[in-house]
Structure formats: C-alpha cells, structure tokens
Amino acid sequence: MDENRLIQIFTENQLAPAVRYFSQIGSTNDEAMRWAAADAPDGALVVADEQTAGRGRLNRSWVTRAGAALAFSVIYRPKDREAECLHLFSPLAALALHSALQKVWNLSAQIKWPNDVLLQRRKTAGILVEAAWMGSQLQGVVVGVGINVLRGSVPPDAEVMFPATSVEHALGRPPDRLELLCAVLREMNAWRAHLGAPAFLHAWRTNLAFVGEPVCIDQSGKILCGTLSGIDDQGNILLRLKDGQIAQFAAGDISLRPLQAA
Ligand code: ADP
C-alpha cells in the first residue's frame, strides 16, 4: 500500500483524523493501545501491510500476510452512552464489514457470533476489541480488524481452527484493498451512530450465521450444544437446548462452532 496515497485519501474523505501506517508491525492493536494511552484523537487509525504477531481472542494468533490482507485498528474515545455498551464494538466492526461487502461488491457475508465475518460459511475476517483503562477510567476502545482480502492471505486449513477464505475467492476477482478499507471505515462511522439501537440489532440478527442450526458453545472447555435461536437485545447468544429451555451466553471467553462446517 502506498502510504502517502493512503493518508491523503483518509484525510480528504474525513475517514480518520490521524493515521499511522506501517509496512510491517507486530500487532496494530498493540500500537493502537499505546496510542490510546497517549494522544490519539477519536477515530485515529493504525494500518499495517503485514503483522508479525497479529492477535485474536484468547491469545490466539491472527495471520496477516504482506500485500494480501488488511490489518487495521481504530481507536475510539467512547461517549458516555457508548461506554455502557463496549461489548457492541465488536459487532459494530462486523456489521460495518458486512455492509461494505454488500454495498461495494454485492457480497452477502454472515456474522458468526460474536465477532467473525464469514463468506460462504468460511472465516474471512476476525475482530479483536480491547479497552484501554487508566485505573477505573476508560480511556479508549481499540477495534482491531483483520480481513483476508486476496487469496494469498488465507492460511491453510490445517493451521486454522475454523475453515478460512478470502474476499477474492468469494468475488472471483481481486478486490482493491484500499477501496475495501475506505468502505469499512465509512460503515464503521455510520453504524457507530446506531450502536445498540433497534436498527443495529436488526441488522446483526438478520445476518447472523447458523441460525436454526445445531451449534456448540465452548466456554473455557465446558461445551454446551443446542440449536442457535438468535441474539437478545443485549447481544447475548441464545441456544435452544434439547429439553426446550433457552440458554443465554454473553460474548466473554466463548467460542461458537457449528456442528456442520463449511
Ligand atoms: P475466534 O473468535 O474464532 O475464537 P479469533 O477471531 O480470535 O478466533 O481468531 C483467532 C483464530 O483465527 C486462530 O486461532 C486461528 O485458528 C484463526 N486464524 C488466524 N489467522 C487467520 C486468518 N488469516 N484467516 C482465518 N482464520 C485465521
């Protein structure tokens, strides 16, 4: 990616008030957390062409290959209302990517609760949200997004816990990474205004993967299986168990897996 072009486009289109670009970095979230602890303005952006220590949830690693993927982190300074729903920043990014793919390329992605974006039932993007605290004072929220854009970004099946794919594979031609990044940032700004609102929950529900299908929830090694029935107004996942009861789970340290993979 051409750094000057990138910064010029973001500034001209008011997509980010400040940008830090790296051709290679450990993790954009680490850089963003440092910047959040300092003077990053609301909406500041860290972008990298390659991550050498990209992170997923639960200390898992996220692979970002040079020249093929998108890896970026947005720093938000949450307003009071937003600070009450920090858990919704992860679906915010997922919804934004969903909308961007739909609007720019007419691709229908699905959101695997709570934080992955799927194309053709395969993982195309991962999201890692981290909060920056100073004592009990919330300083910022870092929303990290990794997207497999070109085919070369996809790790082999043996290296991932869930089958992966790329936007290029679903589209049938290589999309422009910068165009995708701009579209996602635009949609993140747009959805932020609706964080937790009925339209937000509706879009999340409508595009939720595996609804009506058998799935298993892994909560720190404790596995519970049932039929995915949806999400409630707080963003918890709802599972209909064998005995007809509905079990509810907050995102936290939970992983969801369909019984039937891609
Ligand atoms: P989950 O939310 O499914 O628990 P994360 O979104 O935190 O997982 O991502 C970490 C996991 O994603 C890793 O354990 C690995 O299996 C998988 N992974 C790593 N890099 C990629 C990639 N580029 N594309 C798809 N999956 C990946």
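Note that the coordinates shown come from a computational prediction; the quantities given were computed from them, not determined experimentally.

1. A word on the environment of Asp 42
When you line up the elements, Asp 42 lands in the loop between α2 (28-36) and β2 (44-48). Residue Asp 42 is classed as partly exposed on the basis of its relative accessible area of 32%. Put simply, Asp 42 and Tyr 21 are 21 residues apart on the chain and 17 Å apart in space, counted from C-alpha to C-alpha. The contact partners of Asp 42, leaving out residues within four places of it in the chain, are Pro 17, Ile 75, Tyr 76, Arg 77, Lys 79 and Arg 192.

2. Things to note about α2
Of the residues making up α2, those classed as buried are Thr 28, Asn 29, Glu 31, Ala 32, Trp 35 and Ala 36. For α2, the buried positions fall inside an angular range of 160° around the axis, keeping them on one side. Against β1 (19-22), β2, β3 (69-76), β6 (122-134) and β7 (137-148) lie the buried residues of α2. With a side-chain oxygen positioned 3.2 Å from the backbone nitrogen of Asn 29, the residue opening α2 is Ser 27.

3. Some words on the nonpolar core
If you look at the biggest cluster of nonpolar residues, it comprises 71 residues, and the most contacted ones within it are Phe 10, Phe 72, Ile 147, Leu 180, Met 188 and Trp 204. The element best represented in this core is helix α4 (residues 89-105), accounting for ten residues. Ranked by size, the runner-up nonpolar core spans twelve residues in total, among them Ala 32, Ala 36, Ile 75 and Val 142.

4. Here's the deal with the pairing of β2
Looking along a regular strand, one sees the side chains alternate between the two faces of the sheet. For β2, the buried fraction is high: five of the five residues fall into the buried class. Side-chain alternation along β2 places Ala 44, Val 46 and Ala 48 on one buried face and Leu 45 and Val 47 on a second face that is also buried. For β1 and β2, the ladder comprises four bridges, and the chain directions are parallel. Note on β2: the bridge partner recorded for Arg 20 is Val 46. This β-α-β element, β1 to α2 to β2, shows right-handed connectivity. Where β2 and β3 come together, five bridges link them in antiparallel fashion. Note on β3: the bridge partner recorded for Ala 44 is Ile 75.

5. Topic: the site of the ligand
Neighbouring the ligand are 17 residues, the closest being Arg 57, Arg 60, Val 63, Asn 148 and Met 161. At 3.0 Å, a side-chain N or O of Lys 123 approaches an oxygen atom of the ligand. Class assignment of the residues belonging to the shell around the ligand gives a composition of six nonpolar, six polar and five charged.

6. Considerations on the packing of α4 against helix α7 (residues 198-206)
Contact geometry for α4 and α7: axes closest at 10 Å, N-to-C directions at 65°. With respect to their mutual orientation, α4 and α7 come out roughly perpendicular. Remark: the crossing between α4 and α7 carries left-handed chirality. Along the contact surface, α4 presents Pro 91, Leu 92 and Leu 95, while α7 presents Phe 200, Ala 203 and Trp 204.

7. Focus on unusual backbone geometry
Note the cis peptide between Trp 113 and Pro 114, where omega equals 0°. With phi around 50°, Gln 14 is a residue other than glycine that occupies positive phi space. Within the secondary structure, Gln 14 sits in the loop between α1 (3-12) and β1. Backbone geometry places Phe 210, a non-glycine residue, at a positive phi of 70°. Of note, Phe 210 is situated in the loop between α7 and β8 (214-219).

8. Points about the state of the cysteines
This structure, assessed with the given rule, holds one disulfide. Shown here is the disulfide that connects Cys 216 with Cys 225, its sulfur atoms set 2.0 Å apart. The disulfide joining Cys 216 to Cys 225 has a torsion of about 100° about its S-S bond and is therefore right-handed. Take Cys 225: its relative accessible area is 40%, and that puts it in the partly exposed class.

9. Quick word on the packing of aromatic side chains
One pass over the structure, following the stated rule, counts four aromatic pairs. A centroid spacing of 5.5 Å and a plane angle of 40° characterise the contact between Tyr 76 and Phe 89, whose relative ring orientation is tilted. Here Phe 89 lies in helix α4 and Tyr 76 lies in strand β3, a separation of 13 residues in the sequence. For the pair Tyr 76 and Phe 89, a shared accessibility class is recorded, and that class is buried. Between Phe 200 and Trp 204, the aromatic rings sit 6.4 Å apart at their centres with planes inclined by 75°, giving edge-to-face as the arrangement. Highlighted residues: Phe 200 and Trp 204, both in helix α7, separated by four residues, approximately one helical turn. When sorted by exposure, Phe 200 lands in the same class as Trp 204, which is buried. Taken together through their ring pairs, the aromatic side chains of Trp 191, Phe 200 and Trp 204 make up a single cluster. The ring centre of Trp 35 lies 4.0 Å from the NZ or CZ of Arg 20, which sits over that ring. Above the face of the Phe 162 ring, Lys 112 is positioned so that its terminal group lies 5.1 Å from the ring centre.

About the thresholds
Residues numbered from 1 in each chain as written. Predicted model: local features only at pLDDT ≥ 70, side-chain atom pairs only at ≥ 80, totals over all residues. Heavy atoms only, no water. Helix = DSSP H or I, 4+ residues; strand = E, 2+ residues; numbered from the N terminus. Buried < 20%, exposed > 50% of the residue type's maximum accessible area, 1.4 Å probe, protein only. Contact = heavy atoms within 4.5 Å. Arc of directions from axis to C-beta. Polar contact = N/O pair within 3.5 Å; in protein donor to acceptor, adjacent residues only side chain to side chain. Core = buried A, V, L, I, M, F, W, Y, C linked by side-chain atoms within 4.5 Å. Pairing = 2+ DSSP bridges. Right-handed = clockwise from strand over helix to strand, strands pointing away. Near = heavy atom within 4 Å. Nonpolar A, V, L, I, M, F, W, Y, C, P; charged D, E, K, R; others polar. Axes fitted to C-alpha atoms, helices over the stretch in contact; angles between N-to-C directions. Parallel < 35°, antiparallel > 145°, perpendicular 65-115°, else oblique. Left-handed = near helix turned anticlockwise from the far one by under 90°. Disulfide = S-S within 2.5 Å. Phe/Tyr/Trp six-rings, centres within 6.5 Å; stacked < 30°, edge-to-face > 60°. Lys NZ or Arg CZ within 6 Å of the ring centre and 35° of its normal.

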